[in-house]
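Observations on the model geometry
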Amino acid sequence: MVKFDGHELAVIGTATGVIGVVDGCFGRGWAKSFIHRQPIAAMSCALFGIGILLPLTVVPIRRRMGLPTNQYDGQYWGATNPALE
């Protein structure tokens, strides 16, 4: 079962808000012209977007694999802690 808590909702809300503001300010075709005129800045924004979306993908994968997720959701019952040997 997919669990959405405050962290995921904050990331989704921030991403949709930023896209809405940028689209409203710059109008249609802004992404294509941005990539054409500023390729290094566009690549930086793409890497930022990937980094922001990692918690939405990596943590659920770790939960399903049974790997430790206590640093992310340690306050929840059933969070997997690392095994101390």
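Please refer to the structure placed before this passage.
Notes on the structure in this doc start here. (Residues numbered from 1 in each chain as written. Predicted model: local features only at pLDDT ≥ 70, side-chain atom pairs only at ≥ 80, totals over all residues. Heavy atoms only, no water.)

With that out of the way, let us pick up the overall build of the chain. The number of helices and strands found in the chain is four helices and zero strands. For the chain, the N- to C-terminal ordering of α and β elements is α-α-α-α. Each of the 85 residues in the chain was classed as buried or not, and the buried ones make up 9%. A separation of at least 24 residues holds for 36% of the contacts in the chain among residues at least 6 apart in sequence. Accessible area of the chain: about 7,000 Å², with a carbon and sulfur share of 68%. (Helix = DSSP H or I, 4+ residues; strand = E, 2+ residues; numbered from the N terminus. Buried < 20%, exposed > 50% of the residue type's maximum accessible area, 1.4 Å probe, protein only. Contact = heavy atoms within 4.5 Å. Areas by Shrake-Rupley, 256 points an atom, 1.4 Å probe, with all protein chains shown as cover.)

What follows deals with a nonpolar patch on the surface. A surface patch of nonpolar side chains, about 470 Å² in accessible area, is lined by Met-43, Leu-47, Ile-50, Leu-54 and Val-58. Within the secondary structure layout, Leu-54 lies in helix 3 (residues 39–65). (Patch = residues over 30% accessible without salt bridge, like charges linked within 9 Å, V, L, I, M, F, W, Y side chains within 5 Å. Salt bridge = Lys/Arg side-chain N within 4 Å of Asp/Glu carboxyl O.)

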